[in-house]
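Each chain is listed here by its residues.
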Amino acid sequence: METNRDQWKTPTIKARVFTIENHIKPLLGNIKINNLDAATYKKKFINKLLDKLTPGTVHAYHTIFKIGINAAVENEIIKKNRFKKIKIKKDNPSTLIVDNFYTAEQLSIFLEGAQALKSISHYTALLILASTGMRKGEALGLTWKDIDFNNCRITINKTRDYDGLRPPKTNNSYRTIKVGGKVINQLKLYKKWCKELKLSFGHPLKEEDFILISRTNGKPISPNSLNYAVNTVADKQKLKKITVHGLRHTHATILISKRIPVKVIADRLGNTPQMINDIYSHTFEELEIESVEVFEEAMNL
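Rules used throughout
Residues numbered from 1 in each chain as written. Predicted model: local features only at pLDDT ≥ 70, side-chain atom pairs only at ≥ 80, totals over all residues. Heavy atoms only, no water. Helix = DSSP H or I, 4+ residues; strand = E, 2+ residues; numbered from the N terminus. Buried < 20%, exposed > 50% of the residue type's maximum accessible area, 1.4 Å probe, protein only. Contact = heavy atoms within 4.5 Å. Expected span 1.5 Å × (residues − 1). Phe/Tyr/Trp six-rings, centres within 6.5 Å; stacked < 30°, edge-to-face > 60°. Pairing = 2+ DSSP bridges. Salt bridge = Lys/Arg side-chain N within 4 Å of Asp/Glu carboxyl O. Polar contact = N/O pair within 3.5 Å; in protein donor to acceptor, adjacent residues only side chain to side chain. Lys, Arg positive; Asp, Glu negative; His and termini not counted.

Visitor: An account of the overall build of the protein is requested, with residue identities and associated values reported.
Guide: Of regular secondary structure, the protein possesses twelve helices and five strands. Considering only C-alpha atoms, the protein reaches an extent of 70 × 65 × 35 Å along its principal axes. Per-residue burial over the protein gives 40% buried out of 301 residues. Long-range pairs, those at least 24 residues apart, make up 59% of the contacts in the protein between residues at least 6 apart in sequence.

Below, the structure written as structure tokens:
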């Protein structure tokens, strides 16, 4: 950690510190590295974690442990990595979105409720997220210069969270996407509101300013406030609870149901076509079943 932390991004450091302090040290901290064999590691670490965590999470912690072991080998502290043959079955990506999305009808009800919120910032944020499939951090990182009002386009080139501003998640995440008139018209209204709000605090609105700001102080809204907004709207509209990321899943599943090509969806979400196929495999399976039924109906005419 101390040797390499200057090479890692802040979220990576946080994740690795959390894993070390909360899992590796408590379960393995009293065992000398030269005395730790694969069987003991699997029994005391992997199996213990699998009793309470998903395979995907345990796999992530195992990966961090192996990074440390590989560093020990490179520094000649131990002779070899005894743990690289240990396999942990990952979660099926498609199971991660089960019930964490809305149908088109539910989304319409959700956005009606969002529009009735007291906070125009929250409604604007939720409309953007649902209409583009952006990640939460990408929406929080938007500035006014990222909006092309004339061509109805939004450029995504950064992300923002509690640790500040940084580059997007992957190279595919850099993208410019088309949006509809509803989003552009809302952004026009919202920009006017932002100008008035900023002036009330004695500051002009700049193109470099973050779009999503708080009405209480004119400063960027917090990531957690969007979680609150989603839950508030779901309760008000008597809809099932989904996460903020569930709006991204909602966007994708609706596009898939409308037979939009996978490549187009991947480009829009900043993913690869393979990731779209993996994550939303259940939706494609439903479409395949539907296509068979439609074909059979056509043959019976």
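Visitor: Explain helix 8 (residues 223-236) to me, using residue names and the numbers behind them.
Guide: With 14 residues, helix 8 should cover 20 Å at 1.5 Å per step; its first-to-last C-alpha distance of 21 Å lies within 8% of that length. Within helix 8, the full set of buried residues consists of Pro223, Ser225, Leu226, Ala229, Val230, Val233 and Ala234. Buried residues along helix 8 sit in contact with helix 4 (104-115), helix 5 (120-132), helix 6 (136-140), strand 3 (159-161) and helix 9 (244-257). Just downstream of helix 8 lies Lys238, where phi reads positive at about 55 degrees.

Visitor: An account of the packing of aromatic side chains is requested, with residue identities and associated values reported.
Guide: Applying the stated rule across the entire model yields nine aromatic pairs. Their ring planes at 15 degrees and their centres at 5.5 Å tell us that Tyr190 and Trp193 sit as a pair that is stacked. Note that Tyr190 and Trp193 are positioned in helix 7 (residues 181-200) at a spacing of three residues, about one turn of the helix. For Tyr190, a relative accessible area of 0% puts it in the buried group. A relative accessible area of 23% means that Trp193 is categorised as partly exposed. Within the aromatic cluster, the residues linked to one another by ring pairs are Tyr41, Phe45, Phe65 and Phe83.

Visitor: Quick rundown of the pairing of strand 5 (residues 175-178)? Include the residues and the values.
Guide: The two faces of strand 5 differ: Arg175 and Ile177 on one face are buried, but Thr176 and Lys178 on the other face are not. Bridge count for strand 2 (residues 153-156) against strand 5 is four bridges, and the pairing is antiparallel. Residue Thr155 lies in a different strand from strand 5, and its bridge partner there is Thr176.

Visitor: Go over the pattern of salt bridges with me, naming the residues and quoting the values.
Guide: With the rule as written, the count across this model stands at twelve salt bridges. Salt-bridge contacts for Asp146 lead to Lys158; the nearest nitrogen and oxygen are separated by 2.5 Å. You can see Asp146 sitting in the loop between helix 6 and strand 1 (147-148) and its partner Lys158 sitting in the loop between strand 2 and strand 3, a full twelve residues away along the chain. Assessed through its relative accessible area of 5%, Asp146 is described here as buried. Of the charged contacts in the structure, one is a salt bridge between Asp267 and Lys263, with a shortest N-O distance of 2.7 Å. On the criterion of helical spacing, the pair formed by Asp267 and Lys263 is a turn pair, its members being four residues apart in helix 10 (residues 262-269). Connected through salt bridges with shared partners, the residues Arg135, Glu138 and Arg175 form a single ionic network.

Visitor: Give a detailed account of the sheet that holds strand 5, specifying residues and quantitative values.
Guide: Pairing is antiparallel across the open sheet formed by three strands, whose spatial order is 1-2-5. A strand with exactly one partner marks an edge of an open sheet, and here the two such strands are strand 1 and strand 5. By the bridge criterion, two bridges tie strand 1 to strand 2 in an arrangement that is antiparallel. Of the residues in strand 2, the one forming a bridge with Asp148 is Arg153.

Visitor: Provide a residue-level description of the environment of Thr216, including the pertinent values.
Guide: As for its placement among the helices and strands, Thr216 is situated in the loop between helix 7 and helix 8. When the C-alpha atoms of Thr216 and Cys194 are compared, they prove to be 12 Å apart, with 22 residues separating the residues in sequence. At 2.7 Å, the side chain of Thr216 forms a polar contact with the side chain of Ser214.

Visitor: Describe the side chain of Arg268, with residues and values.
Guide: Note that Arg268 resides in helix 10. With no salt bridge to any partner, buried Arg268 finds its closest opposite charge in Asp267, at an N-O distance of 10 Å. The residues touching Arg268, leaving out its near neighbours within four places in the chain, are Ser131, Thr132, Arg175, Ile177, Lys178, Val179, His251 and Leu255.

No statement about biological role is implied by the geometric values presented.
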